[in-house]
Amino acid sequence: MLAPGIVGSPRLVSLLPSATEIVSALGLLPFLVGRSHECDYPPEVKALPVCTRARLDAQQPSLAIEQAVQDLLQSALGIYELELTTLRSLQPTHIITQDQCDVCAVTLGDVQRAIAELFDPPPQLISLQPHSLADVWQDIRRVALALGVSADPLLESLHTRIQACQAWVSDRPRRQVVTIEWIDPLMTGGNWVPELITLAGGENVLGTAGKHSPYIDWSTLLAIDPEVIIVMPCGFDLERTRQELHQAVHTSPRWQQLRALQSGQLYIVDGNAYFNRPGPRLVDSLEILVEILHPPQELKFQGIGWQRYALAVAG
């Protein structure tokens, strides 16, 4: 049952991948008429019109992408821009965007200006603001409430899976973990990632729950020399992460000084599909971390969402 105030069928446009996944998980996919250029899950959404584009080349190496991002931000340009003609043609009743990270999606200000310019009356704007797991669950409720559906079945299912992970790791020793969210320059995971590490039976060493991912110095990483390192670059899939890490390991001797690499405890994960998207698949991300830190008998995500990185394999 959709919200009583919605006349006819809603026409949803999602401007970020996590929102598209929330829409799908709530059973609202039939009402989605447009997406961002990065929305790719579930796979059928790739057939929908694209309403955004990037102002930078995401195929560049990590350092070049970082420089391009900083140049755009310093020139007061967003990293992404709206395809205004496409957006206007779709005549959405609801647009879902975010106000959490200007590097992650079209800025809220850009969306608000576009709505004011293109539409009369304007579509309803649903802005998500996830910094923690609790925020993600609240965002799911926010989308559900705006469209008059219940979030309870989805959230109950997600929390049941979380509780199963907690039960599995409850009597296991905590393993010291550092996550790497960008390879060059080094950044460690923030926001919901430290919470996921703790839930998976790890001791998160760098990065603070609910805070943006911080840059870190190599001297700090070498001094900590953690037992486990998990590399999850924002926006990179498993293969792209493997390529970037391969290049870094073989050009910087500092990587080879880390005991996690020497002991086979350096892992790569698909950050783009899982860890970087504040939606329902964060619970998949938790299950991936459990498989890495405290493996159950069945490894559901190995080779798909994560793999061990080894010099012998890389070389």
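Structure: see above.
Residues numbered from 1 in each chain as written. Predicted model: local features only at pLDDT ≥ 70, side-chain atom pairs only at ≥ 80, totals over all residues. Heavy atoms only, no water.

Brief notes about the overall build of the chain
Part 1 of the reasoning: Across its full length, the chain holds 14 helices and 12 strands.
Part 2 of the reasoning: Sorting the 315 residues of the chain into buried and exposed places 52% on the buried side.
Part 3 of the reasoning: By sequence separation, contacts in the chain at least 24 residues apart represent 67% of the contacts at least 6 residues apart. (Helix = DSSP H or I, 4+ residues; strand = E, 2+ residues; numbered from the N terminus. Buried < 20%, exposed > 50% of the residue type's maximum accessible area, 1.4 Å probe, protein only. Contact = heavy atoms within 4.5 Å.)

Here we look at the environment of Val178
Part 1 of the reasoning: The residue Val178 is located in strand 7 (residues 175-182) in this model.
Part 2 of the reasoning: For the pair Val178 and Asp225, spaced 47 residues apart in sequence, the C-alpha to C-alpha distance is 8.9 Å.

Looking at the pattern of salt bridges
Part 1 of the reasoning: Under the counting rule described, the total for this entry stands at 13 salt bridges.
Part 2 of the reasoning: A salt bridge links Arg53 to Glu83, with the nearest nitrogen and oxygen atoms 2.5 Å apart. Taken together, the positions of Arg53 in strand 3 (residues 52-54) and Glu83 in the loop between strand 4 (80-82) and helix 3 (84-90) put the pair 30 residues apart, joining distant regions of the chain.
Part 3 of the reasoning: Overall, Arg53 belongs to the partly exposed group, its relative accessible area being 33%.
Part 4 of the reasoning: The exposure class of Glu83 is partly exposed, given its relative accessible area of 26%.
Part 5 of the reasoning: The salt bridge involving Asp171 is made with Arg172; its shortest N-O contact spans 3.2 Å. (Salt bridge = Lys/Arg side-chain N within 4 Å of Asp/Glu carboxyl O.)

Remarks on the packing of helix 6 (residues 152-169) against helix 13 (residues 282-293)
Part 1 of the reasoning: Packing of helix 6 against helix 13 leaves a shortest axis separation of 10 Å and a crossing angle of 15 degrees. With respect to helix 13, the element helix 6 is oriented roughly parallel. For the pair helix 6 and helix 13, the crossing hand works out as left-handed. Where helix 6 approaches helix 13, its residues Leu158, Arg161, Ile162, Cys165, Trp168 and Val169 are matched on the opposing element by Val283, Asp284, Leu286, Glu287 and Val290. (Axes fitted to C-alpha atoms, helices over the stretch in contact; angles between N-to-C directions. Parallel < 35°, antiparallel > 145°, perpendicular 65-115°, else oblique. Left-handed = near helix turned anticlockwise from the far one by under 90°.)

Regarding unusual backbone geometry
Part 1 of the reasoning: Residue Pro42 is bonded to the preceding Tyr41 through a cis peptide linkage, with omega at -5 degrees.
Part 2 of the reasoning: With respect to the helices and strands, the residue Pro42 is situated in the loop between strand 2 (32-34) and strand 3.
Part 3 of the reasoning: Here the residue pair Asp184 and Pro185 is connected by a cis peptide bond, since its omega of 0 degrees sits within 30 degrees of zero.
Part 4 of the reasoning: You can see Pro185 is positioned in the loop between strand 7 and strand 8 (187-188).
Part 5 of the reasoning: In this structure, Gln91 is a non-glycine residue whose phi angle is positive, near 45 degrees.
Part 6 of the reasoning: As for its placement among the helices and strands, Gln91 is situated in the loop between helix 3 and strand 5 (94-98).
Part 7 of the reasoning: Of note in this structure, Asn191 is not a glycine but carries a positive phi near 50 degrees.
Part 8 of the reasoning: Relative to the helices and strands, Asn191 is located in the loop between strand 8 and helix 7 (193-199).

By themselves these figures say nothing about function.
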